[in-house]
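The chain contents come next:
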Amino acid sequence: MTTESTTQMPSVGYGAAILRFIKSFGLLRESWVGMIGAVLVLFWVIVAVFAPLIAQFDPNASIQPFAKPGAVAASGSTFWLGTDHMGRDILSRIVWGSRTVLIYAPLATLSAYTVGILMGLMAGYRGGLVDDILSRISDIILSFPVLVLYIIVIATIGASGFNIVIAITFASSPGIMRIVRGLVLDLRNRDYVAAAQTRGESDWRIMLVEILPNARGPLIVDACLRLGYVIITIGVLGFLGLGLPPPDPDWGGMVNETRQMAMVFPHMTLFPCIAISSLILGFNLLADGLREISLRD
Amino acid sequence: MILLLLKRIGFMIFTMIVVSIILFLLLETGLTGDPATRVLGNFASDEQKEIWRDQQGYNQPVIVRYAKWLGNFATGNLGTSIRYKGPVKDVLLPRLWNTAILGFWTFAIMIPLSLTLGILSGMKEGSLLDRTISVFGILTTSVPEFASAVFFSALFVFGLKWLPGTSSMSDGFEFKQLLLPAMVLVVYDFGYVARMTRASMAEVMTSQYVRSAVLKGLPYRQVIIRHALRNALIAPFTVIMLQINWLLSGVIVVEFFFAYKGFGALLLEASLNNDIALLEACAMVAVVVAVSSQTIADIGYTFLNPRIRFS
């Protein structure tokens with residue numbers, strides 16, 4: 001994208017686009033399911049942003065092991081959700097853990113979307129041999145059971161935040177590619193694409209400026225669903241001991257560390273599970289609401 | 001029809017070969033770190049590593065090694081597990097059998113449940129029942145398997161004390177121990193299958209032949225059973241077959257949580273302990289199962305759907 005594109009799109013256009021974007025969220029009011037989802041997601045975003053203000057304890061500090069929910073610490077503050085086997089405040093860990101999830105999940109989704117969209121645009125628009133090769137590759141990756149794929153990738157490249165993003169990109173971009181490819185196959189025969197071709201615009205410009213914005217509807221719904229799914233993946237990897245290295249709080253990891261003690265201290269595993277489920281539910285309900293609205297128009 | 005069959009089987013074999021190459025490159029070559037270090041640990045001396053490489057034939061050219069490796073695989077020689085100190089085959093087969101039992105009961109509960117719910121909500125699209133079932137489906141698919149395992153354990157094991165908290169089957173097979181793992185898998189998955197069934201049913205309900213069946217005065221029950229269901233159940237067949245692929249992921253979490261001695265727990269154990277031979281065998285089994293179920297789904301879909309079969 002060169003300066004040419006910015007001169008063609010005056011700033012007024014951007015302002016209107018942003019306004020339309022905000023208005024489209026107003027549409028959510030028509031779907032109560034979508035509203036509940038949006039509220040849940042917003043709640044966790046606020047918690048993540050204001051984590052230092054909400055959490056009363058250092059998430060990694062050992063204070064008082066095996067405290068029950070509601071116990072009072074020596075400092076006078078209350079362990080509202082109790083502490084874990086190492087004496088760390090569970091509420092503070094959940095609050096700080098929301099940052100981990102809300103940073104890595106969107107990052108991994110964005111990365112998977114970038115790769116998937118580029119592959120899908122190429123396969124759908126160029127067609128022919130490029131399409132064949134890309135489709136075969138994605139067929140093969142998609143034929144793997146997902147978690148088996150994650151375990152093998154993480155087992156070979158090691159567990160870290162960056163590697164989780166890579167593994168998720170590797171495993172989910174083929175699915176995104178398929179969706180984009182299908183949308184492009186439909187859109188590439190439209191008049192405005194033909195007009196752009198006649199103007200002599202480059203293939204990449206047509207793909208990114210003419211086709212991609214018109215495919216955004218289904219992609220936004222899918223992105224919402226996929227975000228929920230990526231959060232599940234990050235949680236499951238943490239639960240299996242393949243997630244982020246300790247001690248930093250990670251919801252799945254918290255369940256893994258304390259599940260042996262669930263018999264006597266159920267609060268240690270219960271609260272992180274409620275946290276992760278509510279966030280995923282938020283994204284899934286939001287996706288359902290958005291889909292309902294997009295079908296109505 | 002035969003051409004399609006051959007094409008599908010050809011693609012299946014192609015996929016397996018590509019996957020085997022990827023597995024080999026990832027785990028057996030220096031591409032992602034030295035295999036000798038992976039097996040012997042970080043503190044092994046260079047001399048020890050060299051002896052190990054020589055013993056295991058790692059100093060031969062890659063292509064020769066791949067051919068040998070694939071040949072061994074094809075003839076059923078899966079190598080030796082480092083962790084279990086025995087042939088991989090002896091470890092793997094009983095574990096696979098256990099997972100097959102778990103998978104059978106999961107499907108035996110999930111299929112009737114999700115089909116019934118899907119058909120009920122697809123019969124009257126947009127009705128209160130439809131909305132309720134769909135929101136309930138979203139709710140259950142939003143809870144990751146490990147979280148629902150925690151919730152169920154809290155309720156049925158610690159709260160009501162009805163079911164055992166682990167499923168290790170240490171005193172022989174006990175059906176009671178199978179209930180919680182199967183329940184967790186069903187709860188996570190039935191929402192998706194129900195949604196797919198609903199979509200298929202809703203589409204059929206708007207078709208011309210259902211409308212004429214209603215208009216010619218057939219009882220509603222007969223319209224559904226004789227006319228709508230036959231076509232509406234073609235798509236769910238494919239979806240259910242594809243759930244086998246998903247089940248292979250699901251069992252890893254559930255078996256790990258409930259200490260069930262199945263295939264998923266074995267795969268995880270192999271990867272956490274760098275048991276390469278075992279991990280390769282597990283991964284290959286997973287892919288073979290996944291790809292063959294996809295092939296069966298494709299062929300079955302063609303077979304069930306006369307519109308494709310006779311075109």
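Described below are features of the structure shown in this document. All chains use their own residue numbering, which begins from 1 and follows the written sequence. Both sets of labels track the order of writing: A upward for chains, 1 upward for ligands. Under the rules for a predicted model, residues below a pLDDT of 70 receive no local features and side-chain atom pairs below 80 are neither given nor counted, while totals for whole chains, interfaces and linings still include all residues. Computation of side-chain values: all heavy atoms of the structure, hydrogens and water removed.

### Description of the overall build of chain B
Consideration 1: Looking only at helices and strands, chain B has 14 helices and 2 strands in total.
Consideration 2: By its C-alpha atoms, chain B is 85 × 55 × 30 Å across when sized along the principal axes.
Consideration 3: Counting the 311 residues in chain B, one finds 49% classified as buried.
Consideration 4: Across chain B, contacts joining residues at least 24 apart in sequence account for 71% of those joining residues at least 6 apart.
Consideration 5: Calculation of accessible area relied on Shrake-Rupley with a 1.4 Å probe; when residues are assessed, cover is drawn exclusively from the protein chains displayed. As presented, chain B carries roughly 15,500 Å² of accessible surface, and 67% of it is formed by carbon and sulfur atoms. Runs of H or I in DSSP of at least four residues are treated as helices and runs of E of at least two as strands, each being numbered from the N terminus. Burial status follows relative accessibility: with a 1.4 Å probe on protein chains alone, a residue under 20% of its type maximum counts as buried, one over 50% as exposed, and anything between as partly exposed. Here, residues are in contact when the closest pair of their heavy atoms is within 4.5 Å.

### Notes on helix α11 (residues 234-258) of chain B
Residues and elements named next belong to chain B.
Consideration 1: In this analysis, the expected span of each helix is defined as 1.5 Å times one less than the number of residues it contains. Between the first and last C-alpha of α11 there are 35 Å, a value that for 25 residues agrees with the 36 Å anticipated at 1.5 Å per step.
Consideration 2: The angle separating two fitted axes, one through the seven residues that finish at a residue and one through the seven that start at it, defines the bend at that residue. The largest bend along α11 measures about 35° and falls at tryptophan 246.
Consideration 3: In terms of burial, α11 is a largely internal element, 20 of the 25 residues being buried.
Consideration 4: Of the residues trailing α11, alanine 259 is marked for its positive phi of about 55°.

### Digging into the nonpolar core
Consideration 1: To qualify as a nonpolar core, a set must consist of buried Ala, Val, Leu, Ile, Met, Phe, Trp, Tyr and Cys residues joined through side-chain atoms within 4.5 Å. Counting 129 residues, the largest nonpolar core has Leu147, Leu240 and Trp251 of chain A together with Leu92 of chain B as the members making the most contacts within it.
Consideration 2: If near-sequence neighbours (up to four positions away) are discounted, leucine 92 of chain B is found in contact with Leu78, Phe263, Leu266, Ala281, Cys282 and Val285 of chain B.
Consideration 3: Core analysis: the second largest hydrophobic core is formed by 17 residues, Ile117, Ile176, Leu187 and Ala196 of chain A among them.

### Observations regarding the interface of chain A and chain B
Consideration 1: On the chain B side, the residues contacting the 42 residues of chain A number 44 residues.
Consideration 2: Accessible surface is computed with a 1.4 Å probe, and the buried area is the amount of it that two parts give up when combined, taken over both parts together. Together, the buried faces of chain A and chain B total about 3,700 Å²; carbon and sulfur atoms form 78% of this surface.
Consideration 3: Salt bridges are defined as contacts in which a side-chain nitrogen from Lys or Arg sits within 4 Å of a carboxyl oxygen from Asp or Glu. The tally of links between chain A and chain B comes to 2 salt bridges.
Consideration 4: A salt bridge links arginine 131 of chain B to glutamate 292 of chain A, with the nearest nitrogen and oxygen atoms 3.2 Å apart.
Consideration 5: Any N or O atom pair separated by 3.5 Å or less is treated as a polar contact, with the protein-specific requirement of one donor-capable and one acceptor-capable atom, and with residues adjacent in sequence counted only for side-chain atom pairs. Inspection of the region where chain A meets chain B yields 6 residue pairs in polar contact (both at pLDDT 80 or more).
Consideration 6: Elements with a contribution of two residues or more to the side of chain A that touches chain B: α6 (128-142), α7 (146-157), α11 (216-239), α12 (251-258) and α13 (267-296) of chain A.
Consideration 7: Here the nonpolar group is Ala, Val, Leu, Ile, Met, Phe, Trp, Tyr, Cys and Pro; Asp, Glu, Lys and Arg are the charged ones; every other residue, Gly included, is treated as polar. Partitioning the side of chain A that touches chain B into residue classes produces 28 nonpolar, 8 polar and 6 charged.

### Considerations on the environment of leucine 272 of chain B
Consideration 1: Its place among the elements puts leucine 272 of chain B in helix α12 (residues 263-272).
Consideration 2: Classification of leucine 272 of chain B as partly exposed rests on a relative accessible area of 41%.

Scope: geometric values only; no functional claims are made or implied.
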